[in-house]
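One-letter residues, chain by chain:
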Amino acid sequence: MGSFYSEYLNSSKVLEHYTYTKETLETQETPSRQVASAFIIILCCAIVVENLLVLIAVARNSKFHSAMYLFLGNLAASDLLAGVAFVANTLLSGPVTLGLTPVQWFAREGSAFITLSASVFSLLAIAIERHVAIAKVKLYGSDKSCRMLLLIGASWVISLVLGGLPILGWNCLGHLEACSTVLPLYAKHYVLCVVTIFSVILLAIVALYVRIYCTVRSSHADMAESQTLALLKTVTIVLGVFIVCWLPAFSILLLDYACPVRSCPILYKAHYFFAFATLNSLLNPVIYTWRSRDLRREVLRPLRCWQQAAAGVQGRRGGTPGHHLLLLRSSSSLERGTHMPTSPTFQEGNTVV
């Protein structure tokens, strides 16, 4: 056992595995890869900023300390960390990869797996909460905070275990024939396990939203048409974005499991599929919080403060600060005067689901 883990610090192991699974090795940065890396880093920075604004909005306003918003905050936290992990993954990829030790490689890939897994489990937790809210099941009693924290904690523990299995021993060090082509130090069976778990989660989310749909239709027949359309719109967005973002990555991993080594050239382009899957972390705040008027207003508040500060500075330089501030106040008043009520059935803190 000691000799097995001693290989974790062997700097030649990563090169050995990449030489076995890859047709060519990236020994220097190419212009196309530099452009792709820059784009991915900019995308991840947007993910971090967007989700950080959501976390600040949820934390600073007590109105958003209900079950739904706490789950949204957990989703935002996991998506934010996914953006950070993917930046680190991108910076440590390419030629840098060949200089890593196995433990560094496992940390690089494991952090991305953990955060992306937590994001997926958070989506499942939100689907469960929405089902509870719509079905009006008495799940949260006097100990609701404890139950919510347990559910959130469980999602992170499962994610940590799932992402940490390779570094704990479920890898292919010493067994090159069992190695994944996409992730050359991961065992193919581990890759298949992860894809299976994520697929089951996807099916569970689909099942929950189908049940929500059926519950709404059976419980509110007099308002079925408008409510059903609103529900279908949200469900279509949620499931459509999830499937569109993750299906290519799932497909490439399944192909990786089925293909013998060096027999499927498309596997060498897998990093593009994972970059596309990261878009889910960018779009989650849009789907789950931008449909809430109150949360949207709270998220945009720091941006408005910065806009007011910038306008004040510009006004002092131009000698007409009052003009700029008047425009901002008029815009805010117009917004307050154009708020439309939402359906109470789909409203929990003005959140439409």
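Residues numbered from 1 in each chain as written. Predicted model: local features only at pLDDT ≥ 70, side-chain atom pairs only at ≥ 80, totals over all residues. Heavy atoms only, no water.

J.: What am I meant to see in the confidence of the model for the protein here?
T.: Do not read the fine detail of predicted coordinates wherever pLDDT is low. For the protein, per-residue confidence averages 78 on the pLDDT scale, and residues scoring 70 or more make up 77% of the total. Ranking the elements of the protein by mean pLDDT puts helix α12 (residues 321-337) last with 40 and helix α2 (residues 13-21) first with 91. Within the model, pLDDT remains below 50 along residues 321-353, and this stretch shows 50 contacts once partners closer than five positions in the same chain are excluded. (pLDDT = per-residue confidence, 0-100. Helix = DSSP H or I, 4+ residues; strand = E, 2+ residues; numbered from the N terminus. Contact = heavy atoms within 4.5 Å.)

J.: Please clarify how the packing of aromatic side chains should be interpreted in this entry.
T.: Two numbers describe a pair of aromatic rings. These are the distance of the centres and the angle of the planes. As enumerated under the stated definition, the model contains 11 aromatic pairs in all. Both rings, one in Phe-106 and one in Tyr-186, keep their centres 6.2 Å apart while their planes meet at 10°; by these two values the pair is stacked. A residue pair is termed long-range when its members are at least 10 positions apart, and Phe-106 in helix α5 (residues 102-135) and Tyr-186 in the loop between α6 (144-168) and α7 (188-219) qualify at 80 residues. Residue Phe-106 is classed as buried on the basis of its relative accessible area of 3%. (Phe/Tyr/Trp six-rings, centres within 6.5 Å; stacked < 30°, edge-to-face > 60°. Buried < 20%, exposed > 50% of the residue type's maximum accessible area, 1.4 Å probe, protein only.)

J.: Please explain the pattern of salt bridges as it appears in this structure.
T.: Where charged atoms from two side chains of opposite charge come close, those side chains can pair. Following the criterion strictly, the structure yields five salt bridges and no others. Across the pair Lys-13 and Glu-7 runs a salt bridge whose closest N-O atoms are separated by 3.8 Å. When its relative accessible area of 11% is taken as the criterion, Lys-13 is described as buried. Across the pair Glu-298 and Arg-301 runs a salt bridge, and its minimum N-O distance is 3.3 Å. With Glu-298 and Arg-301 both in helix α11 (residues 293-318) and three residues apart, the pair spans about one turn of that helix. Each of Glu-7, Lys-13 and Glu-16 takes part in one network of salt bridges that share partners. (Salt bridge = Lys/Arg side-chain N within 4 Å of Asp/Glu carboxyl O.)

J.: What exactly am I supposed to notice about the environment of Arg-60 here?
T.: Here Arg-60 shows up in helix α3 (residues 31-60). C-alpha separation for the pair Arg-60 and Glu-298, spaced 238 residues apart in sequence, amounts to 9.1 Å. Setting aside residues up to four positions removed in sequence, Arg-60 forms contacts with Glu-298, Arg-301 and Pro-302. A polar contact of 3.5 Å, which involves the side chain of Arg-60, links it to the side chain of Glu-298. (Polar contact = N/O pair within 3.5 Å; in protein donor to acceptor, adjacent residues only side chain to side chain.)

J.: How should I be thinking about the packing of α3 against helix α4 (residues 67-91) in this particular structure?
T.: The geometry of a pair of packed helices is captured by two quantities: the angle between their axes and the separation between those axes. Packing of α3 against α4 leaves a shortest axis separation of 8 Å and a crossing angle of 155°. As summarised for this structure, α3 and α4 are arranged roughly antiparallel, according to the angle between their axes. Along this stretch, α3 crosses α4, giving a crossing that reads as left-handed. Within the contact between the two elements, α3 uses Ser-37, Ile-40, Ile-41, Cys-44, Ile-47, Val-48, Asn-51, Leu-52, Val-54, Leu-55 and Val-58 and α4 uses Tyr-69, Gly-73, Ala-76, Ala-77, Asp-79, Leu-80, Gly-83, Val-84, Phe-86, Val-87, Thr-90 and Leu-91. (Axes fitted to C-alpha atoms, helices over the stretch in contact; angles between N-to-C directions. Parallel < 35°, antiparallel > 145°, perpendicular 65-115°, else oblique. Left-handed = near helix turned anticlockwise from the far one by under 90°.)

J.: For this particular structure, what's the right way to read helix α9 (residues 270-277)?
T.: Structural remark: α-helix, 3.6 residues per turn; residues separated by three or four positions point the same way. Residues Ala-270, Phe-274, Ala-275 and Ala-277 constitute the buried set of α9. Looking straight down α9, one finds its buried side chains confined to an arc of 155°; they lie on one side. (Arc of directions from axis to C-beta.)

J.: What is the right way to look at α2 in this model?
T.: Of the residues making up α2, those classed as buried are Lys-13, Val-14, His-17, Tyr-18 and Thr-21. An end-on view of α2 places all buried positions within 130° of arc, on one side of the element.

J.: Explanation requested: the state of the cysteines in the structure shown.
T.: Such a bond, covalent and formed between the sulfur atoms of two cysteines, is termed a disulfide. For the coordinates displayed, the defined rule picks out two disulfides. Residue pairing for Cys-172: its cysteine sulfur links by disulfide to Cys-179, the two sulfurs lying 2.1 Å apart. Its S-S torsion of approximately 105° makes the covalent link between Cys-172 and Cys-179 right-handed. Under the relative-accessibility criterion, Cys-172 is labelled buried at 1%. For Cys-179, a relative accessible area of 4% puts it in the buried group. The disulfide that involves Cys-259 links it to Cys-264, with 1.9 Å between the sulfurs. (Disulfide = S-S within 2.5 Å.)

J.: Would you take a moment to explain unusual backbone geometry for this structure?
T.: Among all residues save glycine, negative phi is the norm, and among peptide bonds the norm is trans. Notably, Arg-262 is not glycine yet its phi reads approximately 65°, a positive angle. Relative to the helices and strands, Arg-262 resides in the loop between α8 (224-258) and α9. By relative accessible area, which is 40% here, Arg-262 ends up partly exposed.

J.: Help me understand a nonpolar patch on the surface, please; the structure alone is not making it clear to me.
T.: A cluster of nonpolar side chains, Leu-91, Leu-92 and Val-96, forms an exposed patch at the surface whose accessible area comes to about 240 Å². Looking at the secondary structure, you find Leu-92 in the loop between α4 and α5. (Patch = residues over 30% accessible without salt bridge, like charges linked within 9 Å, V, L, I, M, F, W, Y side chains within 5 Å. Areas by Shrake-Rupley, 256 points an atom, 1.4 Å probe, with all protein chains shown as cover.)

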